[in-house]
Amino acid sequence: MLWRKSASFNAPESWPPYPPNAETELEKAVRLEEEKEARRVSDSIDHELELEKQEMRARRRHQTRVLLLGQAESGKSTMLKNFQLHFSPEAFNAETEAWRAVIHLNLTRSVNFVLDVLSPERIQQLRGQDTLRSLRMRLSPLRQVEMLLVQRLSANDPSRSTLKVEEAAPWVYGRASEVSIRGGSGWKSLLRLRRNVNSGSRTIDTRQDELDDAQQILNACRDDIVTLWADPDAQAGLQDEGVSLQQQSGFFLDEAARVASADFVPTYQDILKARLQTIGAEEHVMSVEQSGDPAQKWVFYDVGGARGQRAGWVPYFEDVNAILFLCPVAAFNEVLLEDRSVNRLLDSFNLWKTICTSRLLASTTFILLFNKTDILREKLAAGISFSQYVRSYKDDPFDFELVCEYIKRKFVSIHKHASSQRRQLHIDFTCAIVSGADLSSWLLLC
């Protein structure tokens, strides 16, 4: 049915539309009834949407929403795991099987990384050539294990588009490459044992069989992994390349004998140390009891911290009660993987300034956590000078307390001058992999 346009050709069509020319009484009655029904449906939809909005507002009045921010590898996901362990231990325990696969992937990628650094050409320059050549050959099946674990972690997406593997000569950057899983991909539930009932018999999903095969291969290589990591020539080769795997996330080589064993069951500490980069946002809802009060719902948003993902933070700014910002203080002598010209501590300064400047967060509580203090202490004790990388620092470059105080003053100053109005700011020095952190006190601040 054709409708007559309004007087202006470019003007939008009005509602109800103009009646057609030469409309009969019957056509008019039908048209008016259709318009009445369309208006009723439209009003009904508007009413439902308004009810949903009101219900959402009422539900959120009983929720506290916390957004975790910070650059990549600042410890956001580890801190979130700490919250889950503290407040939702049953759900945390249910994910043990999935995290075992991640830990095995972390260990396998570390071994393959060491083998990449110890190339055949590099081995020729070392004294223990025969031993290292033999180890390279016997550990070659771990390439297959790595590929299999990567495939299983991304198997819920037929196109595998949720998976991103950094493959471009990762050892050039002094670190093992990473596997990235898109937030909400459901990889944890995917790795659980699945059984299908068929004619009264149970069949095991082939995915579990493949994971079992990977674990058997890893167990068979266990002694060789331990030997490789303990080999002084291998350690010399890594040192010559400026590689320190011990200070990187997902490091399990020092516990390879336990992790690669056939009966390995991850501990809470293992899961806190495990590394799997998440792209996008993850939402986690937990029930938190405080001082005997009824349990409250807490919603945590964990977002990717790489430069390319930070634009996705803004939509969460209008809907959170608190910002939990993590600064990895041990990264003072490191650079961004996304931009090798930018110091990571300087990037945290700039990122913090951007967050403080946002008017959307003017009335939001800020909790600032200086994370990875254990690694900072180790670096300073090892003789790595803080002032060599932070030129504005003038005190003792190896004094842990003075360095921490400088970093704190810097962040407080940025907050004071960049904030549009005064807000609550709470500061603490932390180590996210320590499960005994006083998490309840931070939540009370929100």
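The model shown is predicted, which means the values in this text are computed figures rather than measured ones.

## Brief notes about the overall build of the chain
Check the secondary structure of the chain and you find 17 helices and 11 strands. Residues counted as buried form 46% of the 446 residues belonging to the chain. Of the contacts formed within the chain by residues at least 6 apart in sequence, a portion of 71% connects residues at least 24 apart. When the accessible surface of the chain is summed, it comes to about 23,400 Å², and 50% of that surface belongs to carbon and sulfur atoms.

## Examining the packing of aromatic side chains
Counted according to the given criterion, the structure contains 15 aromatic pairs. Arranged with centres 4.8 Å apart and planes meeting at 25°, the rings of Phe83 and Phe300 form a pair that is stacked. Of this pair, Phe83 sits in helix H2 (residues 76–87) while Phe300 sits in strand S8 (residues 296–303); the two residues are 217 residues apart in sequence, bridging distant segments of the chain. In terms of burial, Phe83 and Phe300 fall into one category: buried. Ring centres 4.8 Å apart and planes at 35° place the aromatic pair Phe370 and Phe429 in the tilted group. Of this pair, Phe370 sits in strand S10 (residues 365–371) while Phe429 sits in strand S11 (residues 425–429); the two residues are 59 residues apart in sequence, bridging distant segments of the chain. Its relative accessible area of 0% is what places Phe370 among the buried residues. With a relative accessible area of 30%, Phe429 lands in the partly exposed category.

## A word on helix H16 (residues 400–418)
Given a rise of 1.5 Å per residue, 19 residues ought to cover 27 Å, and the 27 Å separating the end C-alpha atoms of H16 matches this to within 8%. Of the residues making up H16, those classed as buried are Phe400, Val403, Cys404, Tyr406, Ile407, Phe411, Ile414, His415 and Ala418. On an axial view of H16, the arc spanned by its buried residues comes to 165°, and they lie on one face. H16 presents Glu401, Lys416 and His417 as exposed residues on the side facing more than 90 degrees away from its buried surface. For H16, the elements touching its buried residues are strand S9 (322–328), helix H14 (344–357), S10, helix H15 (373–381) and S11. Measuring from the side-chain oxygen of the N-cap residue of H16 to the backbone nitrogen of Glu401 gives 3.1 Å; that N-cap residue is Asp399.

## Some details on the sheet that holds S8
One open sheet accounts for six strands, arranged S7-S8-S1-S9-S10-S11; its pairing is mixed. On the outer flanks of this sheet lie strand S7 (281–288) and S11, each paired with one strand and no other. Averaged over all pairs of adjacent strands, the angle between strand axes in this sheet comes to 20°, irrespective of strand direction. For S7 and S8, the ladder comprises eight bridges, and the chain directions are antiparallel. By the bridge assignment, Glu283 is partnered in S8 with Tyr301. Along the sheet, H14 makes contact with strand S1 (63–69), S9, S10 and S11, crossing S9 at roughly 165°.

## Digging into the side chain of Ser261
Turning to its location among the elements, Ser261 is positioned in the loop between helix H12 (256–259) and helix H13 (268–273). In this structure the side chain of Ser261 is engaged in a polar contact, spanning 2.7 Å, whose partner is the backbone oxygen of Arg258. Ignoring sequence-local partners within four residues, the contact set of Ser261 consists of Gln215, Asn219 and Arg222.

## Things to note about the nonpolar core
Among the nonpolar cores identified, the biggest contains 46 residues, and Leu107, Val111, Ile225, Leu228 and Leu253 are the most heavily contacted of them. Only helix H4 (96–117), helix H6 (129–138), helix H7 (142–153), helix H9 (206–220), helix H10 (222–230), helix H11 (232–240) and H12 provide two or more residues apiece to this core. Broken down by element, this core gets its largest block of residues, 11 residues, from H4. Each residue touching Leu228, except ones within four places of it in the same chain, is listed here: Val111, Val114, Leu115, Leu118, Leu132, Leu135, Leu139 and Ala234. Residues Leu69, Ile323, Leu345 and Phe386 belong to the second largest nonpolar core, which totals 38 residues.

## Points about the UniProt feature "binding site: GTP" (unreviewed entry) in the chain
Here the UniProt-annotated "binding site: GTP" (unreviewed entry) positions come out as Leu272, Lys273, Ala274, Arg275, Leu276, Gln277, Thr278, Asn371, Lys372, Thr373, Asp374 and Ala432. Among the structural elements, Arg275 can be located in the loop between H13 and strand S6 (277–279). Within the secondary structure, Leu276 sits in the loop between H13 and S6.

## Digging into the environment of Glu95
Relative to the elements of secondary structure, Glu95 occurs in the loop between helix H3 (89–94) and H4. Take Glu95: its relative accessible area is 12%, and that puts it in the buried class. Considering only alpha carbons, one finds Glu95 and Ile271, 176 residues apart in sequence, at a separation of 9.5 Å.

## Description of the UniProt feature "binding site: Mg(2+)" (unreviewed entry) in the chain
What UniProt calls "binding site: Mg(2+)" (unreviewed entry) maps, in this numbering, to Thr278. In this fold, Thr278 is placed in strand S6.

## As for the packing of H15 against H16
Interaxial distance between H15 and H16 falls to 10 Å at its minimum, and their mutual angle equals 130°. As the angle between them shows, H15 and H16 are arranged oblique. Between H15 and H16 lies a crossing of right-handed hand. Contacts from Thr373, Leu376, Arg377 and Leu380 of H15 reach H16 at Phe400, Val403 and Cys404. Here the contact of H15 with H16 is composed, by residue class, of five nonpolar, one polar and one charged.

Conventions and cut-offs
- Residues numbered from 1 in each chain as written.
- Predicted model: local features only at pLDDT ≥ 70, side-chain atom pairs only at ≥ 80, totals over all residues.
- Heavy atoms only, no water.
- Helix = DSSP H or I, 4+ residues; strand = E, 2+ residues; numbered from the N terminus.
- Buried < 20%, exposed > 50% of the residue type's maximum accessible area, 1.4 Å probe, protein only.
- Contact = heavy atoms within 4.5 Å.
- Areas by Shrake-Rupley, 256 points an atom, 1.4 Å probe, with all protein chains shown as cover.
- Phe/Tyr/Trp six-rings, centres within 6.5 Å; stacked < 30°, edge-to-face > 60°.
- Expected span 1.5 Å × (residues − 1).
- Arc of directions from axis to C-beta.
- Polar contact = N/O pair within 3.5 Å; in protein donor to acceptor, adjacent residues only side chain to side chain.
- Pairing = 2+ DSSP bridges.
- Axes fitted to C-alpha atoms, helices over the stretch in contact; angles between N-to-C directions.
- Core = buried A, V, L, I, M, F, W, Y, C linked by side-chain atoms within 4.5 Å.
- UniProt positions renumbered as here; feature names shortened; annotations may be inferred.
- Parallel < 35°, antiparallel > 145°, perpendicular 65-115°, else oblique.
- Left-handed = near helix turned anticlockwise from the far one by under 90°.
- Nonpolar A, V, L, I, M, F, W, Y, C, P; charged D, E, K, R; others polar.

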